[in-house]
Amino acid sequence: MTTTPKKPPASRRRSSKPASVPPSCGTCAGTGETTTTVLVGRKRREINATQTALCPDCFGTGTV
């Protein structure tokens, strides 16, 4: 009868840690877009319209 060498016990698998979530941008509240009112004319009067643009702080990512 031949003896077979014993294998070492298998290591336990650990669950991976969840990725840390970066804080959301305070300027756009995490959306990545900001809205501004449209100004027209030489006197820069406001009209009842808004336009959206990329957030200047986070460049559209929504995170700082």
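Described in the following lines is the structure provided in the data block.

Let us now look at the environment of Cys55. When you line up the elements, Cys55 lands in the segment after strand 2 (45-54). Separated by 14 residues in sequence, Cys55 and Gly41 place their C-alpha atoms 25 Å apart. For Cys55, the contacting residues outside a window of four places in its chain are Cys25, Thr27, Cys28, Gly32, Glu33, Thr34 and Gly60.

The buried fraction of strand 2 is low, at 0 of 10 residues. Bridge analysis of strand 1 (residues 33-40) against strand 2 gives 7 bridges, and the strand direction is antiparallel. Residue Thr35 lies in a different strand from strand 2, and its bridge partner there is Thr52. In sequence, strand 1 turns back onto strand 2 through a hairpin of 4 residues, with Gly41 there showing a positive phi of about 80 degrees.

What counts as what
- Residues numbered from 1 in each chain as written.
- Predicted model: local features only at pLDDT ≥ 70, side-chain atom pairs only at ≥ 80, totals over all residues.
- Heavy atoms only, no water.
- Helix = DSSP H or I, 4+ residues; strand = E, 2+ residues; numbered from the N terminus.
- Contact = heavy atoms within 4.5 Å.
- Buried < 20%, exposed > 50% of the residue type's maximum accessible area, 1.4 Å probe, protein only.
- Pairing = 2+ DSSP bridges.

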